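The chain contents come next:
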Amino acid sequence: MTTYFFRRTCAGALLAATLCGAAAAAPDAPAPGPSAEASAAARIGWWRDARFGMFIHWGLYAIPGRGEWAQFSEQIPVREYAKLADKFNPTAFDPDAWAQLAKSAGMKYMVFTSRHHDGFAMFDDGDNPFSSTKTAAHRDFVADYVKAARKAGMGVGLYYSPLDWRFPGYFFPDLYRDNAEAMRAQYHRQVEELLSNYGKIDVLWFDGGETDWLSFGGDWSAAQWQKRPAGKHYAGGFDWQHAQVEATMRRLQPDIVVNGRADMKEDFHAREGDAALGDYDDTHPWELCTTIAGAWGYQPNMAPKPLKHYIQLLANVAGRDGNLLLNVGPDPDGRIDPAQAARLREIGAWLGKHGESIYGTRGGPFLPASWGTSTRRGNTIYLHVLNWSGDKLALPAIPARVVKASVLGGGTAHVVQSAHGIEVSVPAAARDGMDTVVALQLDSPAAALKTVR
């Protein structure tokens, strides 16, 4: 470690000297590049247009089938849990089938768990014995997944957890400083491997890497664990050195987009669970991640909710200007539950008729209300009417003229517009109990309109 920092210091000094000399010889500085804000907006543009993705939680925890937190919540000893690696040899693992399912669901990108909190690496991690290439499977699941997702035209994402339950230093970062630093070294090494060995990676989805999440947000300075009060941050001496990882990430994968769960500048914010839907936000890109059924990791016989739930959730997310990342947890052999797969295909069938109101849109201009929500693209506003309280939907006035109205999927809509507002009516036979999508074509760009309630 000392040699590493020494080399960095020397290299920094030489670079500084070189730059100073160059500056003296060249009086005309080059034109500045794009701002950090412009670069971030360019990186995330495809992701925001995609709107809908598949999250996949899969690993050793699929064997007990009690969710991805089973080891911690049941306090299974590390050595005992590690024996699951000798049984993890999935016979039905078919990443091409996963990717085709995501495609048939209308999803545009995928995020796969390369390593969860249990520490088991689903990729080739060199000499690390606790990895899929060094145990029963003898297979690099990340490599297979990336190849399949890319072949299917999906955006390729990887989930990664700096947190590792096998390291006491995570829970006691100051008492077990050497152990915490060993965990940090693993984190730095593995992220570099993941960003170096698998071609272009589009999304890096961190989890558990925030400094304030050490010891799960607790304080052990007293004789018992206490949750740190709101606004009080970790004040110990351990440092994840996330800035080094961020520099490596931007060097190896300059166009990658990253969430905010590792104390580095985020490209998008993660909201977790249906209840975290939250408010409209078109300023900071965000994503709601939630499960199709049960826990994130595999649980047998977890039936999905009715199709209406997912269609309305997707509409509510898009109307608030966010993305939806919907999770599946394959079984120990790599199969996605048939009922869940069927529901995903039903979502895709709906998107086949209504996708123009989701993909490539921004939320608004009508803010979410009891009737539903809205999205917009080009000169069109899409009303996602989730609840009809009467024969007509009354909307506030906008400084643009509606020139045409129609119902996606078939049907007519009648619009009366005045200086006081807009009234929209759709015959009962043309309404959809899940989401009646009314397209309002305007005489000017919908993006130019300010949000109204």
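This structure is a prediction, so every number in the text was calculated from the model and none was measured.

Overview of the pattern of salt bridges
Part 1: This model, assessed by the stated rule, comprises 27 salt bridges.
Part 2: Arg-335 serves as the salt-bridge partner of Asp-331, at 3.2 Å between the closest nitrogen and oxygen.
Part 3: Bridged by salt links that share partners, the residues Arg-48, Asp-49, Arg-51, Asp-321 and Arg-362 form one connected network.

Focus on the sheet that holds strand β14 (residues 392–395)
Part 1: A sheet is described by the order of its strands in space; here 3 strands give the open sequence β14-β17-β16, paired in antiparallel fashion. Unpaired on one side and paired on the other, β14 and β16 (414–418) mark the two borders of the sheet. Here the average twist between neighbouring strands, direction ignored, is 15°.
Part 2: Two strands pair when backbone bridges link them, and β14 and strand β17 (residues 421–425) are joined in this way by 4 bridges, in the antiparallel orientation.

Points about helix α6 (residues 141–151)
Part 1: Buried residues of α6: Phe-141, Val-142, Tyr-145, Val-146, Ala-148 and Ala-149, and no others.
Part 2: Against α5 (95–104), β2 (109–115), β3 (155–160) and α8 (177–196) lie the buried residues of α6.
Part 3: Put simply, Asp-140 is the residue that caps the front of α6, since its side-chain oxygen is 3.2 Å from the backbone nitrogen of Val-142.
Part 4: Where α6 ends, the next residue or the one after it, Gly-153, has phi of about 80°, a positive value.

Observations regarding the nonpolar core
Part 1: With 93 residues, the main nonpolar core has Trp-58, Met-110, Phe-206 and Leu-344 as its most contacted residues.
Part 2: Per-element tally for this core: the top contributor is helix α10 (residues 307–319), with 7 residues.
Part 3: In this view, Met-110 contacts Met-54, Ile-56, Trp-98, Ala-99, Ala-102, Tyr-145, Ala-149, Met-154, Gly-155, Val-156 and Gly-157; residues no more than four positions away in its chain are not counted.
Part 4: With 22 residues, the next largest nonpolar core counts Val-385, Leu-393, Ala-405 and Val-424 among its residues.

Regarding the environment of Tyr-176
Part 1: By secondary structure assignment, the location of Tyr-176 is in the loop between α7 (168–171) and α8.
Part 2: Exposure remark for Tyr-176: the relative accessible area of 41% places this residue in the partly exposed category.
Part 3: A sequence separation of 84 residues divides Tyr-176 from Ala-92, and the C-alpha atoms of the two residues are 41 Å apart.
Part 4: Not counting residues within four places of it along the chain, the set of residues in contact with Tyr-176 comprises Pro-168 and Gly-169.

Notes on the packing of α10 against helix α11 (residues 338–354)
Part 1: Two elements in contact, α10 and α11, have axes whose closest approach is 10 Å; the angle formed by their N-to-C orientations is 50°. In terms of their interaxial angle, α10 and α11 are classed as oblique. Where α10 crosses over α11, the two elements pack in a sense that is right-handed. Contacts from Leu-307, Tyr-310, Ile-311 and Leu-314 of α10 reach α11 at Arg-343, Glu-346, Ile-347, Trp-350 and Leu-351.
Part 2: Residues of the contact of α10 with α11, tallied by class, amount to 7 nonpolar, no polar and 2 charged.

Brief notes about the UniProt feature "domain: Glycoside hydrolase family 29 N-terminal" (unreviewed entry) in the protein
Part 1: Residues given the UniProt feature "domain: Glycoside hydrolase family 29 N-terminal" (unreviewed entry) here are residues 43–356.
Part 2: End C-alpha atoms of residues 43–356 are separated by 22 Å, and the span's content is 33% helix alongside 14% strand.

Focus: the side chain of Arg-48
Part 1: Among the secondary structure elements, Arg-48 is positioned in helix α2 (residues 36–50).
Part 2: Aside from chain neighbours lying at most four places away, what touches Arg-48 is Asp-282, Pro-285, Asp-321, Asn-323 and Arg-362.

Notes on unusual backbone geometry
Part 1: The omega angle of the peptide bond from Gly-364 to Pro-365 is 10°, so this bond is cis rather than trans.
Part 2: Counting through the fold element by element, Pro-365 comes out in the loop between β11 (362–363) and β12 (372–377).
Part 3: Phi at Gln-241 is positive, roughly 55°, even though this residue is not glycine.
Part 4: Here Gln-241 lies in the loop between β6 (226–227) and α9 (242–252).
Part 5: The residue Asn-301 is not glycine, and still its phi comes out positive at about 60°.
Part 6: Topologically, Asn-301 is positioned in the loop between β9 (286–291) and α10.

Thoughts on α11
Part 1: Along its 17 residues, α11 runs 24 Å from first to last C-alpha, staying within 8% of the 24 Å computed at 1.5 Å per residue.
Part 2: Buried-residue contacts for α11 involve β1 (52–56), α5, α10, β10 (323–328), β13 (380–385) and β18 (436–442).
Part 3: Its side-chain oxygen placed 3.0 Å from the backbone nitrogen of Ala-339, Asp-337 serves as the N-cap of α11.

With respect to the packing of α8 against α9
Working note: a packed helix pair is described by the angle between its axes plus the distance between those axes.
Part 1: The contact between α8 and α9 brings their axes to 10 Å, and the two run at 10°. Between α8 and α9, the angle is such that the two are roughly parallel. On α9, the residues touching Tyr-187, His-188, Val-191, Glu-192, Leu-195 and Ser-196 of α8 are His-242, Gln-244, Val-245, Thr-248, Met-249, Arg-251 and Leu-252.
Part 2: A breakdown of the residues in the contact of α8 with α9 according to their chemical character gives 6 nonpolar, 5 polar and 2 charged.

Some thoughts on the sheet that holds β13
Part 1: Pairing is antiparallel in the open sheet, where 5 strands are placed in the order β11-β12-β13-β18-β15. The open sheet has two edge strands, β11 and β15 (402–407), and neither has a second partner.
Part 2: Looking at chain direction, β15 and β18 are connected through 5 bridges and run antiparallel. Across the sheet, residue Val-407 finds its bridge partner in β18, namely Val-438.
Part 3: Running over the sheet, α10 touches β11, β12 and β13 and is turned about 60° from β12.

Rules used throughout
Residues numbered from 1 in each chain as written. Predicted model: local features only at pLDDT ≥ 70, side-chain atom pairs only at ≥ 80, totals over all residues. Heavy atoms only, no water. Salt bridge = Lys/Arg side-chain N within 4 Å of Asp/Glu carboxyl O. Pairing = 2+ DSSP bridges. Helix = DSSP H or I, 4+ residues; strand = E, 2+ residues; numbered from the N terminus. Axes fitted to C-alpha atoms, helices over the stretch in contact; angles between N-to-C directions. Buried < 20%, exposed > 50% of the residue type's maximum accessible area, 1.4 Å probe, protein only. Contact = heavy atoms within 4.5 Å. Polar contact = N/O pair within 3.5 Å; in protein donor to acceptor, adjacent residues only side chain to side chain. Core = buried A, V, L, I, M, F, W, Y, C linked by side-chain atoms within 4.5 Å. Parallel < 35°, antiparallel > 145°, perpendicular 65-115°, else oblique. Left-handed = near helix turned anticlockwise from the far one by under 90°. Nonpolar A, V, L, I, M, F, W, Y, C, P; charged D, E, K, R; others polar. UniProt positions renumbered as here; feature names shortened; annotations may be inferred. Expected span 1.5 Å × (residues − 1).

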